[in-house]
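Take a look at the letters that make up each chain.
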Amino acid sequence: MANVDFTYVRKEMVAAREAPSNAKGIGHWLKVNLFATPRDIIFSILAIAFLAYILPSIFRFVFIDAVWTGENRTACTTVSQGGALPDGQYGACWAFVTAKFEQFIFGRYPLAERWRPMTVMIAFTLLLIPMLIPKAPFKGWNALALFILLPTVSFFLLTGGFGLPYVETQLWGGLMVTLVLSFFGITVSLPFGILLALGRRSNLPAIKMLCILFIEVVRGIPLITVLFFASVMLPLFLPDGWTFDKLLRALIGVSIFASAYMAEVIRGGLQAMPRGQYEGADSLGLSYWQKTRLVILPQALKLVIPGIVNTFIGLFKDTSLVSIIGMFDLLGIVTLNQSDANWATPVTPVTGYLFAGFVFWIFCFGMSRYSLFMERHLDTGHKH
């Protein structure tokens, strides 16, 4: 058998693969990505024609004919920024969003006390940013402040106490409730999901059966049912005089639901681990928890980053279901304000939902992009 220079072959393969990305000019990009084959040409032309047909109308509705300022519905039903519109058509009523913006963020939280949720949001942002930067120092202290200290301080700051007026959670709403529910659900579901996944793979029959039962029962029930049970049915099983805050019930319901789904994502990562990793850890004399913490879990979590982030995104969007128990997240408060007679126009609902959809997209897109960044950052294997 003739000798083969595999190093040379590998370099040639890498060069061939990277050649298109190194080529200059938009013409080459269009040819490679849109017009490479006759089928690609047909589908590209159809897609471009569809976009050319629909995008001008959307752009005109959202920007050109939109009304950006006004005191009430009259501004959005008479004249648009681009002039009078024919056939009773109107542009987006962004004046409605401007007028209701603070309610969309804070709900019915008292005006004089809105500095409190703003302080919490600023502190959350300042702690989250270094937590998301891989090379930022003091990760342990940062995590302690973000996941322990901040929730504790935020509880008293938002609800009241230590000289601050008490604010009922019934007055909370808007984006604030969406962020509180999603942050609490994400923070609780990941560690509980890991424990449930480990329990489901345990060699102890009782623990394994309990984890399987919990996961399968919760996954088989819609989130609306879980929230309804936590809000309406749970108080019936409590002793007389005992009660739970409605927000607390929602937090528990969302966390339980997300934990069950997270457990299956983590279990997929654990099952994907080669058996040699377990045997190698055993050969070093590591205990079960040392093996799991130092060898298995770091690799398993890296494998299922897309599934974990997908669960987080689904949880963030599912917070809108708390309207079933009388709480108003971002989408709920937008829908509630559409009934205001001062802003009742044909385009008010569409504008409100466009705003809510854009906010949800911003957060979900950000989580998705960070997931891709972490995948690339942690992808240290199989590199030449």
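Conventions adopted
Every residue gets a number counted from 1 within its own chain, in the order that chain's sequence is written. Only residues with pLDDT of 70 or above have their local features reported here, since the model is predicted, and side-chain atom pairs are shown and tallied only from 80 upward, although totals for entire chains, interfaces and linings are computed over all residues. By convention in this description, side-chain values take in all heavy atoms of the structure and omit both hydrogens and water. UniProt positions are given in the numbering used here, feature names are shortened, and annotations may be inferred rather than shown by experiment. Helix numbers and strand numbers start at the N terminus; a helix is a DSSP run of H or I with at least 4 residues, a strand a run of E with at least 2. Under the scheme applied here, a residue whose accessible area is under 20% of the maximum for its type counts as buried, over 50% as exposed, and between as partly exposed, the area being computed with a 1.4 Å probe on protein chains only. In what follows, a contact means two residues having at least one pair of non-hydrogen atoms within 4.5 Å. Using a 1.4 Å probe, the Shrake-Rupley method yields the accessible areas, and only the shown protein chains count as cover for residues. pLDDT is a per-residue confidence score from the predictor, ranging from 0 to 100. Patch building starts from residues that exceed 30% relative accessible area and form no salt bridge, then joins like charges within 9 Å and nonpolar side chains (Val, Leu, Ile, Met, Phe, Trp, Tyr) within 5 Å. For this analysis, a salt bridge means a side-chain nitrogen from Lys or Arg found within 4 Å of a carboxyl oxygen belonging to Asp or Glu. Any two of the Phe, Tyr and Trp rings considered here, Trp counted by its six-membered ring, make a pair once their centres fall within 6.5 Å; the pair's planes then place it as stacked at under 30 degrees, edge-to-face at over 60, or tilted in between. The reported bend at a residue is simply the angle between two axes, fitted to the 7 residues ending at it and to the 7 residues beginning with it. Cysteine sulfur atoms that come within 2.5 Å of each other are treated as a disulfide pair. Helix axes are fitted only over the stretch in contact, all axes being lines through C-alpha atoms; the angle between N-to-C directions runs from 0 to 180 degrees. Each angle is binned into one of four classes, with values under 35 degrees roughly parallel, values over 145 roughly antiparallel, values of 65 to 115 roughly perpendicular, and all other values oblique. By convention the crossing between two helices is left-handed if the near helix lies anticlockwise of the far one by an angle smaller than a right angle, and right-handed if it lies clockwise. Residues enter a nonpolar core if they are buried and are Ala, Val, Leu, Ile, Met, Phe, Trp, Tyr or Cys, with the set joined through side-chain atoms within 4.5 Å.

The chain is annotated in an unreviewed UniProt entry as Amino acid ABC transporter permease from Rhizobium lemnae. Taken directly from UniProt, the Sequence similarities (unreviewed entry) text for the chain runs: "Belongs to the binding-protein-dependent transport system permease family. HisMQ subfamily."

Attention now moves to the overall build of the chain. Counting secondary structure elements, the chain contains 16 helices and 0 strands. Within the span of the chain, comprising 384 residues, buried residues form 33% of the whole. For the chain, contacts bridging at least 24 residues in sequence account for 71% of all contacts bridging at least 6. Roughly 23,300 Å² of accessible area belongs to the chain as shown, and the carbon and sulfur atoms make up 69% of that amount.

Further remarks concern the confidence of the model for the chain. Reading predicted coordinates in detail is not appropriate for stretches of low pLDDT. Looking at the chain as a whole, its pLDDT mean stands at 87, while 89% of the residues score no less than 70. Within the chain, the element-level pLDDT minimum falls on helix H1 (residues 6–22), averaging 49, and the maximum on helix H6 (residues 115–132), averaging 96. Overall, residues 80–84 carries pLDDT values under 50, and its contacts beyond four positions in sequence, including any with other chains, amount to 11 contacts.

Right, let's talk about the UniProt feature "transmembrane region" (unreviewed entry) in the chain for a bit. The residues that UniProt annotates with the feature "transmembrane region" (unreviewed entry) are residues 41–63, 115–133, 145–166, 172–198, 210–235, 247–266, 321–338 and 350–368. Helix makes up 81% of residues 210–235 and strand 0%, and the two end C-alpha atoms of the span are 24 Å apart. From the first C-alpha to the last, residues 321–338 spans 18 Å; its make-up is 44% helix and 0% strand.

Moving on, we come to a nonpolar patch on the surface. Where nonpolar side chains cluster on the molecular surface, the patch consists of Phe138, Trp141, Leu144, Phe147 and Ile148 and spans about 600 Å² of accessible area. Mapped onto the elements of the fold, phenylalanine 147 is located in helix H7 (residues 139–159).

Glancing now at the packing of aromatic side chains. For the coordinates displayed, the defined rule picks out 18 aromatic pairs. The interplanar angle of 70° and the centroid separation of 5.8 Å between the aromatic rings of phenylalanine 96 and phenylalanine 104 together place this pair among those described as edge-to-face. Each of the two residues, phenylalanine 96 as well as phenylalanine 104, counts as buried. An aromatic cluster is present here, built from Phe96, Phe101, Phe104, Trp343 and Phe355 joined pairwise through their rings.

Now for helix H13 (residues 288–303). Where H13 bends most, at isoleucine 296, the angle is about 45°, and the proline proline 298 comes one to four residues later. Those residues of H13 that sit buried are Lys291, Thr292, Val295, Ile296, Leu297 and Ala300. Summarising the contacts, the buried residues of H13 are in contact with helix H8 (174–200), helix H11 (246–271) and helix H12 (275–283).

To continue, consider the state of the cysteines. The full count for this structure, using the stated rule, is 1 disulfide. A disulfide bridge connects cysteine 76 with cysteine 93, and the sulfur atoms are separated by 1.9 Å. Looking along the S-S bond of the cysteine 76-cysteine 93 disulfide, the torsion reads about 65°, which is the right-handed sense. Of this pair, cysteine 76 sits in helix H4 (residues 74–77) while cysteine 93 sits in the loop between H4 and helix H5 (94–106), placing them 17 residues apart in sequence. Assessed through its relative accessible area of 0%, cysteine 93 is described here as buried.

Looking now at the packing of helix H9 (residues 205–219) against H11. Between H9 and H11, the least distance of the axes is 9 Å, while the angle of their chain directions is 115°. Of the possible angle classes, the one that applies to H9 and H11 is roughly perpendicular. Handedness of the crossing formed by H9 with H11: left-handed. Here H9 contributes Phe214, Ile215, Val218 and Arg219 to the contact with H11, which in turn contributes Ile256, Phe257, Ala260, Tyr261, Ala263 and Glu264.

Before going further, it helps to examine the nonpolar core. Membership of the largest hydrophobic core comes to 54 residues, with the highest contact counts inside it found for Phe104, Trp172 and Leu330. In contact with tryptophan 172, not counting residues within four places along its chain, are Phe106, Tyr109, Leu158, Thr159, Val167, Val177, Leu247 and Phe328. Counting residues in each nonpolar core, the second largest holds 17 residues, with Ile194, Val265, Ala281 and Val295 among its members.

The subject of this paragraph is the side chain of serine 154. Among the secondary structure elements, serine 154 is positioned in helix H7. Residue classification places serine 154 among the buried positions, given a relative accessible area of 9%.

The final tally for this structure, using the stated rule, is 11 salt bridges. Measuring nitrogen to oxygen at the nearest pair gives 3.0 Å for the salt bridge that ties glutamate 216 to arginine 200. Of this pair, glutamate 216 sits in helix H9 while arginine 200 sits in helix H8, and the two are 16 residues apart along the sequence. A residue is classified by how much of its surface remains accessible, and glutamate 216, at 35% relative accessible area, is partly exposed. We classify arginine 200 as buried; its relative accessible area is 14%. Here arginine 219 makes a salt bridge to glutamate 216, at a shortest N to O gap of 3.5 Å. In this pair, arginine 219 and glutamate 216 both sit in helix H9, 3 residues apart, roughly one turn of the helix.

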